[in-house]
Amino acid sequence: MSFLFSSRSSKTFKPKKNIPEGSHQYELLKHAEATLGSGNLRQAVMLPEGEDLNEWIAVNTVDFFNQINMLYGTITEFCTEASCAVMSAGPRYEYHWADGTNIKKPIKCSAPKYIDYLMTWVQDQLDDETLFPSKIGVPFPKNFMSVAKTILKRLFRVYAHIYHQHFDSVMQLQEEAHLNTSFKHFIFFVQEFNLIDRRELAPLQELIEKLGSKDR
């Protein structure tokens, strides 16, 4: 959760997305932070008893956006047009950007450009009250789960890029414990609710297996 980073500089790549205090979603976020504090991540990602699955996924998706926003914000100076001319996760995986609206045909672009497109797109989805309703009693749309899956699939690519191309910088900044805890939480969450296709996770498969085996 975001509280992992409270001791670090609060530099973010995009503005932080806040969940309104006093709302039910805010209470859910506080519950998630409390269970995370217990150290059992497998348990922390489970749907709390009596809660709505869509709402739980929405709250956590906002939180993962904020976490990745902060993590990427710490290494933006190392992720440049020159150092990362393509958006990749190691030599075997390259990502081209399309959002289906403004850019319909996938375009090849640098990692900083791709991540800027990606985070702006995610922010637009999170700010859309018809997709991510913040008011009690407003139902989630029928396509909510497919939108949430797309958001999480794309956020994974930022983790994959950071691990493959910038892990040395992360270690220099002594941020690797934050990155690993954040990613482990993310992976356990998407595994719990089957939110990302296994093939999409391939660039970090070894790390995912390692994180999972440590927890058994």
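Please read all numbers here as calculations on a predicted model, not as lab measurements.

1. Notes on the UniProt feature "binding site: Zn(2+)" (unreviewed entry) in the chain
Per the UniProt annotation, the sites labelled "binding site: Zn(2+)" (unreviewed entry) are Cys79, Cys84, His161 and His166. Maximum C-alpha separation among the annotated residues is 9.9 Å over a sequence range of 88 residues, consistent with a single clustered spot. With respect to the secondary-structure elements, cysteine 79 resides in the loop between helix 3 (53-75) and strand 1 (87-88). Using a relative accessible area of 4% as the deciding quantity, one classes cysteine 79 as buried. With residues up to four places along the chain from it excluded, the contact list for cysteine 79 reads Tyr72, Cys84, Ala111, Pro112, His161 and His166.

2. Description of unusual backbone geometry
One can expect most non-glycine residues to show negative phi and most peptide bonds to be in trans. The phi torsion at glutamine 174 lies on the positive side, around 60°, for a residue other than glycine. With respect to the helices, strands and loops of the structure, glutamine 174 is situated in the loop between helix 5 (144-172) and helix 6 (176-192). The phi dihedral of asparagine 194 is positive, around 55°, even though this residue is not glycine. Inspection of the secondary structure assignment puts asparagine 194 in the loop between helix 6 and helix 7 (205-214).

3. Regarding the packing of aromatic side chains
By the definition in use, this model includes 15 aromatic pairs. A ring pair is formed by tyrosine 95 and tyrosine 114, whose centres lie 6.3 Å apart and whose planes are at 40°; its orientation type is tilted. Residue tyrosine 95 is found in strand 2 (residues 94-95), and its partner tyrosine 114 is found in helix 4 (residues 111-127); the two are separated by 19 residues along the sequence. For tyrosine 114, a relative accessible area of 0% gives the class buried. Ring geometry for tryptophan 97 against tyrosine 117: centres 6.2 Å apart, planes inclined by 10°, an arrangement best described as stacked. Separated by 20 residues along the polypeptide, tryptophan 97 in the loop between strand 2 and helix 4 and tyrosine 117 in helix 4 bring together distant segments of the chain.

4. Some details on the side chain of histidine 166
Within the fold, histidine 166 resides in helix 5. With sequence-adjacent residues up to four places away left out, histidine 166 is seen in contact with Ile75, Phe78, Cys79, Cys84 and His161.

5. Focus: the packing of helix 3 against helix 4
Running from amino to carboxyl end, helix 3 crosses helix 4 at an angle of 150°, the nearest separation of the two axes being 11 Å. Regarding the angle of helix 3 to helix 4, the classification is roughly antiparallel. Seen along the crossing, helix 3 lies across helix 4 with a hand that is left-handed. Together, Thr61, Val62, Phe65, Ile68, Asn69 and Tyr72 of helix 3 and Pro112, Ile115, Met119, Val122, Gln123 and Leu126 of helix 4 make up the contact between the two elements.

6. With respect to the pattern of salt bridges
All told, the structure shown has three salt bridges when counted by the stated rule. Glutamate 94 is paired through a salt bridge with lysine 108; the nearest N and O atoms lie 3.6 Å apart. Of the two residues, glutamate 94 is situated in strand 2 and lysine 108 in the loop between strand 2 and helix 4; the sequence distance between them amounts to 14 residues. The exposure class of glutamate 94 is partly exposed, given its relative accessible area of 39%.

7. Structural notes on the state of the cysteines
By the definition in use, this model includes zero disulfides. No disulfide involves cysteine 79; its nearest neighbouring cysteine sulfur is the one of cysteine 84, lying 4.0 Å away.

8. Brief notes about the packing of helix 3 against helix 5
Axis separation between helix 3 and helix 5 bottoms out at 10 Å; the angle between their running directions is 25°. Taken together, the axis directions place helix 3 and helix 5 in an arrangement best described as roughly parallel. As for how helix 3 packs across helix 5, the hand of that crossing is left-handed. Packed against helix 3, whose contacting residues are Leu53, Asn54, Ile57, Ala58, Thr61, Phe64, Phe65, Gln67, Ile68, Leu71, Tyr72 and Ile75, the element helix 5 presents Phe144, Met145, Ala148, Ile151, Leu152, Leu155, Val158, Tyr159, Ile162, His166, Ser169 and Val170 at the interface. Its residues assigned to classes, the contact of helix 3 with helix 5 shows 19 nonpolar, five polar and no charged.

9. Some thoughts on the environment of lysine 153
Relative to the helices and strands, lysine 153 is located in helix 5. Separated by 43 residues in the primary sequence, lysine 153 and isoleucine 196 have C-alpha atoms spaced 5.8 Å apart.

10. Considering the confidence of the model for the chain
On average, residues of the chain score 88 in pLDDT, and 89% of them are at 70 or above. Looking over the chain, one finds the lowest element-wise mean pLDDT in helix 1 (residues 24-36), namely 73, and the highest in strand 1, namely 98. In the model, residues 1-10 has pLDDT below 50 throughout and makes 24 contacts with residues more than four positions away in sequence or in other chains.

Parameters and conventions
Residues numbered from 1 in each chain as written. Predicted model: local features only at pLDDT ≥ 70, side-chain atom pairs only at ≥ 80, totals over all residues. Heavy atoms only, no water. UniProt positions renumbered as here; feature names shortened; annotations may be inferred. Helix = DSSP H or I, 4+ residues; strand = E, 2+ residues; numbered from the N terminus. Buried < 20%, exposed > 50% of the residue type's maximum accessible area, 1.4 Å probe, protein only. Contact = heavy atoms within 4.5 Å. Phe/Tyr/Trp six-rings, centres within 6.5 Å; stacked < 30°, edge-to-face > 60°. Axes fitted to C-alpha atoms, helices over the stretch in contact; angles between N-to-C directions. Parallel < 35°, antiparallel > 145°, perpendicular 65-115°, else oblique. Left-handed = near helix turned anticlockwise from the far one by under 90°. Salt bridge = Lys/Arg side-chain N within 4 Å of Asp/Glu carboxyl O. Disulfide = S-S within 2.5 Å. Nonpolar A, V, L, I, M, F, W, Y, C, P; charged D, E, K, R; others polar. pLDDT = per-residue confidence, 0-100.

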